[in-house]
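Spelled out, the chains give:
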2 protein chains.
Amino acid sequence: MPVNYSTPAADQLFPVAGVRLGVAEAEIRKKNRRDLTLVALDPGCTVAGVFTQNRFCAAPVQLCRNHLAGGEEIRALVINTGIANAGTGEPGRRAAQASCEAVGGLLGIAADQVLPFSTGVILEPLPVERIQAGLPAAGADLKADNWHAAAHAIMTTDTIAKAASRRLTVNGRTVTITGVSKGAGMIKPNMATMLGFLATDAGIAQSLLDSLVKEAADASFNCITVDGDTSTNDSFVMIASGQSGTSFASADDAGWAEVKAAIVAVAVELAQAIVRDGEGATKFITVAVEGGKTVEECRQVGYAIGHSPLVKTAFFASDPNLGRILAAIGYAGIADLDVDGVRVWLDDVLVAEQGGRAAAYREEDGARVMAQAEITVRVNLGRGDAAARVYTCDFSYDYVKINADYRS
Amino acid sequence: MPVNYSTPAADQLFPVAGVRLGVAEAEIRKKNRRDLTLVALDPGCTVAGVFTQNRFCAAPVQLCRNHLAGGEEIRALVINTGIANAGTGEPGRRAAQASCEAVGGLLGIAADQVLPFSTGVILEPLPVERIQAGLPAAGADLKADNWHAAAHAIMTTDTIAKAASRRLTVNGRTVTITGVSKGAGMIKPNMATMLGFLATDAGIAQSLLDSLVKEAADASFNCITVDGDTSTNDSFVMIASGQSGTSFASADDAGWAEVKAAIVAVAVELAQAIVRDGEGATKFITVAVEGGKTVEECRQVGYAIGHSPLVKTAFFASDPNLGRILAAIGYAGIADLDVDGVRVWLDDVLVAEQGGRAAAYREEDGARVMAQAEITVRVNLGRGDAAARVYTCDFSYDYVKINADYRS
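A word on the relation of the copies chain B and chain A
Two copies of the chain are present, and they differ by a rotation about an axis and a shift along that axis.
Moving on, step 1. Turning chain B through 180° and shifting it by 0.0 Å along the axis lays it on chain A, with an RMSD of 0.0 Å. Here the copies are linked by what is in effect a two-fold axis. If distances are taken from each C-alpha of chain B to the rotation axis, the shortest is found for Tyr397 of chain B, at 2.8 Å.
Moving on, step 2. A high fraction, 100%, of the interface residues of chain B reappear at the interface in chain A, so the copies pair face to face through one surface.

This is the structure:
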């Protein structure tokens, strides 16, 4: 059960003019499920992406990087679930290339105008012939109001489809932003999450989109963790079709601040949805670290808390075992941290200061906060003005069950 | 159930001349269990220790560092379980100091000749009056053949007491080495484990002992992980009484190599016992990384594999989900790793090479190894001659159960 998240209804996911989506059952790993998604882009879109820093990055990630760097206009995305096409060496690269060629043949575009994405089991060969066989059905299904189906078709161990959408009026025009994401385990994105796709009909110049996708990833997918495992396939791609009639080429352009804020908000919503549906999650936890010397050290502390199996099992048990949080702060790697200057809150309850338990702290106050489904751990490091946030979930029996059973 | 480990019988733990141990029930956190250990050292012992790098290090760790640095001859150790006296600020330091003073009063020595150790729940105040009340009974129990009782008295969530002992003949004399350790969770020592004590009747000069304790920790307690959480109380202390009639002042002394090898072997046995009894452990896993440019990068890869909840749950399930191991290698932080040069074995089975699954690999071979209780994951990074080992265990339902229930 995801924590305070449900998939928006199909009609709450606004179509983005210039972007059409189609899904199909390709039997990539299992029968009777839609596992292949095709996204077709009208001419004139700008596209930018950020990808995993995992050295064992998947074959499709390598092709995405090449195709984006190649400078050809991107006209399509093809996404399969079931098999990650990672740890597959040269045959994997050939399979990803063959997928792009099949999409090119179907849509009458070149293979290097296609971005391929895969998610699922690592180290298994991608059955590219099933993708080839399934593509015509996905092509026949292409339509602008198909985000809901696409959100479902990219799921793996997700228990719920993840999507977000909003509209705003900018410079007298209606701008639409809609996105989908997937992921529930192997989640500690390092540049992006497992898979996230966001499209807008705003027109955004390539250089502006390139910096926006990084900035949005840093505020969203790069702030989440379920289990600390950086995936081989993390990809976050942003598409700007320009069909709303707006156009932004510089950060100083009128209306850009509003568009950017809305895009980042959708990215954060998509990223948080992954944590809310984290494998076995029963709680959604925001770790807000402030008072650091640098953003990086705040992130270190946030991730030390957000990754600690001891902290996460205590959240699962609703046990205000604050010592585990202090221990994680202590080993986060800030060599000159003065622990007497550190303060820690659970929501509004001050629990630790002066290197120990806060004088006014009462166990029942901590227990009250720990019983909630959403909890903010606030840490003030007392040594500067930098801040950062990490979003995580608790660690339950079901995490072990899901990951001991997956594949079988 | 620990993996292939049982506590040696009392008469297999050889007394170390010059070192006497006594235990008592002090009701520090629970009734009816021996939770207080006193170790009395004859004059003439050298003592050295390494301690946690956690910035929230416990009050007793701070006192240990001060007392060892102070240069007074160490004559006693006092160890309590139940309360860690960590995250307790200035009152915690006063409580640790009061424990040392009580021991000093009992044995007629100065407080700064006493090393205090605590283990248990963090952030709770140490009931020092119960230690004071329990010390006379521990003092009355002091005897040389009491290592077995001490191994039990320092346990927390351990399911089994941990001890190791051996004798060797060096330069015509019999040298004895005996040690105990404890720990099962919050185990990713950074200098030493939760608690480890090792004594020998070899005579070892202070400077030689200082370097030995670091070297032995690096080969043992600094190679283990259960959950990646570096404790606030990690302490590993080595005592050399000299009462065997041997004396070593330099690494070149005759017989030193044998004594050192035996001491390191006991330290490794004690450290591995902690992993074998890791919370919820059903398997003992050695991650042997070789072919690295530096020992540090080999350790990084070893810990990335050894910490990954996805890898550890796959071991629990006996599932040769090798992609998770590759993913962990990929995100271990070696920025210029050429994954095509990486080879991975499960025991003797080559599972991955050339960036993907080994051509000859068969799932049933991987499954055969994964079904074992002891497994070696061997990784060759293919870029140098450095090597390192990490010892870890799998991740089971019981880890969550133990850590969700602990404290309650």
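Let's talk about the packing of helix α7 (residues 295-307) of chain B against helix α9 (residues 322-330) of chain B
Residue and element names in this part refer to chain B.
Moving on, step 1. It is at 8 Å that the axes of α7 and α9 come closest, and there the two elements cross at 140°. Regarding the angle of α7 to α9, the classification is oblique. Like other packed secondary-structure pairs, α7 and α9 cross with a definite hand, here right-handed. Taking contact as the criterion, the partners of Val301, Ala304 and Ile305 in α7 are, on α9, Ile325, Ala328 and Ile329.
Moving on, step 2. For the contact of α7 with α9, the residue count by class is 6 nonpolar, no polar and no charged.

Remarks on the nonpolar core
Moving on, step 1. Membership of the largest hydrophobic core comes to 288 residues, with the highest contact counts inside it found for Ala76 and Ile329 of chain A together with Ala76 and Ile329 of chain B.
Moving on, step 2. Those residues in contact with Ala76 of chain B, other than ones at most four positions away along the chain, are Leu38, Val39, Ala40, Leu41, Val103, Leu107, Ile109, Gln113 and Val114 of chain B.

Structural notes on the interface of chain B and chain A
Moving on, step 1. The interface is formed by 54 residues belonging to chain B together with 54 residues belonging to chain A.
Moving on, step 2. The element that contributes the greatest number of residues to the side of chain B that touches chain A is α9 of chain B, accounting for 8 residues.
Moving on, step 3. Residues that form the side of chain B that touches chain A fall into these classes: 24 nonpolar, 22 polar and 8 charged.

Structural notes on the sheet that holds strand β1 (residues 19-24) of chain B
All names here are of chain B.
Moving on, step 1. Overall, mixed pairing links the 4 strands, which are arranged β1-β2-β4-β5 in an open sheet. In this open sheet, the two edge strands, each paired with only one partner strand, are β1 and β5 (114-121). Neighbouring strand axes in the sheet, compared pairwise and without regard to direction, differ in orientation by 15° on average.
Moving on, step 2. Bridge analysis of strand β4 (residues 76-83) against β5 gives 8 bridges, and the strand direction is parallel. When the bridges of β5 are listed, Ala76 appears paired with Val114.

Topic: the domain arrangement of chain A
All names here are of chain A.
Moving on, step 1. Here the domain parsing of chain A yields domain 1 (10-276) and domain 2 (284-405).
Moving on, step 2. Measuring from the centre of the C-alpha atoms in domain 1 to the corresponding centre in domain 2 gives 32 Å.
Moving on, step 3. Across the boundary between the two partners, domain 1 contributes 10 residues, which contact 11 residues of domain 2.
Moving on, step 4. Elements with a minimum of two residues in the side of domain 1 that touches domain 2: β9 (224-225) and α6 (256-276).
Moving on, step 5. Ranked by residue count, the leading element in the side of domain 1 that touches domain 2 is α6, at 3 residues.
Moving on, step 6. Of the residues assigned to the side of domain 1 that touches domain 2, the class counts are 4 nonpolar, 5 polar and 1 charged.

Digging into the pairing of strand β6 (residues 162-170) of chain B
Residue and element names in this part refer to chain B.
Moving on, step 1. Summarising the sheet, β6 and strand β7 (residues 173-182) pair through 9 bridges and their orientation is antiparallel. Directly across from Ala163, in β7, lies its bridge partner Val180.
Moving on, step 2. What sits between β6 and β7 in their antiparallel hairpin is a turn of 2 residues, with Asn171 showing a positive phi close to 50°.

Side note on helix α8 (residues 309-316) of chain A
All names here are of chain A.
Moving on, step 1. Counting buried positions along α8 gives 8 out of 8 residues, so the element sits mostly inside the fold.
Moving on, step 2. What α8 keeps buried is the set Pro309, Leu310, Val311, Lys312, Thr313, Ala314, Phe315 and Phe316.
Moving on, step 3. At the C-terminal side of α8, Ser318 shows a positive phi close to 55°.

Observations regarding the confidence of the model for chain A
Residue and element names in this part refer to chain A.
Moving on, step 1. Overall, the prediction assigns chain A a mean pLDDT of 90, with 97% of residues at 70 or greater.
Moving on, step 2. Per-element confidence in chain A is highest for helix α3 (residues 128-140), whose mean pLDDT is 97, and lowest for β9, whose mean pLDDT is 78.
Moving on, step 3. On the interface metric, ipTM, the complex scores 0.76, and its pTM is 0.81.

So, the pairing of strand β10 (residues 235-240) of chain A
Residue and element names in this part refer to chain A.
Moving on, step 1. By the criterion of burial, β10 is predominantly enclosed, with 6 of the 6 residues buried.
Moving on, step 2. Side chains of β10 alternate between two faces, with Ser235, Val237 and Ile239 and Phe236, Met238 and Ala240 buried alike.
Moving on, step 3. Pairing geometry for strand β3 (residues 46-51) and β10, over 6 bridges, is antiparallel. Bridge pairing links Gly49 to Val237 in β10.
Moving on, step 4. With 6 bridges joining them, strand β8 (residues 195-200) and β10 adopt parallel strand pairing. Bridging across to β10, Ala199 finds its partner in Ile239.

Considerations on the sheet that holds strand β13 (residues 349-353) of chain A
Think of a sheet as strands paired side by side through backbone hydrogen bonds, with each pair either parallel or antiparallel.
Residue and element names in this part refer to chain A.
Moving on, step 1. The mixed open sheet is built from 7 strands, whose spatial order is β9-β16-β11-β15-β12-β13-β14. Strands with a single pairing partner mark the edges of an open sheet, and in this sheet they are β9 and β14 (356-357).
Moving on, step 2. Pairing analysis gives 4 bridges linking strand β12 (residues 343-346) to strand β15 (residues 374-380), with the strands arranged antiparallel. The partner of Trp345 across the bridge, within β15, is Arg378.
Moving on, step 3. This element, α6, spans β9, β11 (284-292) and β16 (386-393) of the sheet and lies at about 45° to β16.

Focus: the environment of Val39 of chain B
All names here are of chain B.
Moving on, step 1. Within the secondary structure layout, Val39 lies in strand β2 (residues 36-41).
Moving on, step 2. For Val39, a count of 28 C-beta atoms within 10 Å puts it in the buried group.
Moving on, step 3. Sequence-wise, Val39 and Asn146 are 107 residues apart; in three dimensions their C-alpha atoms are separated by 9.8 Å.
Moving on, step 4. Leave out the neighbours within four places in its chain, and Val39 touches Val19, Leu21, Ala76 and Leu77.

Things to note about helix α1 (residues 59-70) of chain B
Moving on, step 1. Between its first and last C-alpha, α1 of chain B extends 16 Å over 12 residues, near the 16 Å set by a 1.5 Å rise per residue.
Moving on, step 2. Of the surrounding elements, those touching the buried residues of α1 of chain B are β3 (46-51), α2 (89-107), β5 and β10 (235-240) of chain B.

Let's talk about unusual backbone geometry
All names here are of chain A.
Moving on, step 1. Although it is not a glycine, Leu123 sits at a positive phi angle of roughly 80°.
Moving on, step 2. Checked against the element boundaries, Leu123 lands in the loop between β5 (114-121) and α3.
Moving on, step 3. Unusually for a residue other than glycine, Asp347 sits at a positive phi of about 50°.
Moving on, step 4. Within the secondary structure, Asp347 is located in the loop between β12 and β13.
Moving on, step 5. Since 17 C-beta atoms lie within 10 Å of it, Asp347 is described here as partly exposed.

Focus on the packing of helix α5 (residues 206-219) of chain A against α6 of chain A
All names here are of chain A.
Moving on, step 1. It is the contact of α5 with α6, at a shortest axis distance of 9 Å, that shows an interaxial angle of 45°. Of the possible angle classes, the one that applies to α5 and α6 is oblique. By crossing handedness, the relation of α5 to α6 is classed as right-handed. Of the residues in α6, those touching α5 at Leu212, Ala216 and Ala219 are Lys260, Ile263, Val264, Ala267 and Val268.

With respect to the environment of Ala10 of chain A
Moving on, step 1. By secondary structure assignment, the location of Ala10 of chain A is in the segment before β1 (19-24).
Moving on, step 2. Measuring from C-alpha to C-alpha, the distance between Ala10 of chain A and Asn146 of chain A comes to 7.8 Å, with 136 residues separating the pair along the chain.

Calculation notes
Residues numbered from 1 in each chain as written. Chains lettered and ligands numbered in written order. Predicted model: local features only at pLDDT ≥ 70, side-chain atom pairs only at ≥ 80, totals over all residues. Least-squares fit on C-alpha atoms with pLDDT ≥ 70 in both. Contact = placed C-beta atoms within 7 Å. Axes fitted to C-alpha atoms, helices over the stretch in contact; angles between N-to-C directions. Helix = DSSP H or I, 4+ residues; strand = E, 2+ residues; numbered from the N terminus. Parallel < 35°, antiparallel > 145°, perpendicular 65-115°, else oblique. Left-handed = near helix turned anticlockwise from the far one by under 90°. Nonpolar A, V, L, I, M, F, W, Y, C, P; charged D, E, K, R; others polar. Core = buried A, V, L, I, M, F, W, Y, C linked by C-beta atoms within 7 Å. Buried ≥ 20, exposed ≤ 12 C-beta atoms within 10 Å, placed from the backbone. Pairing = 2+ DSSP bridges. Domains from an automatic or database assignment. pLDDT = per-residue confidence, 0-100. Expected span 1.5 Å × (residues − 1).

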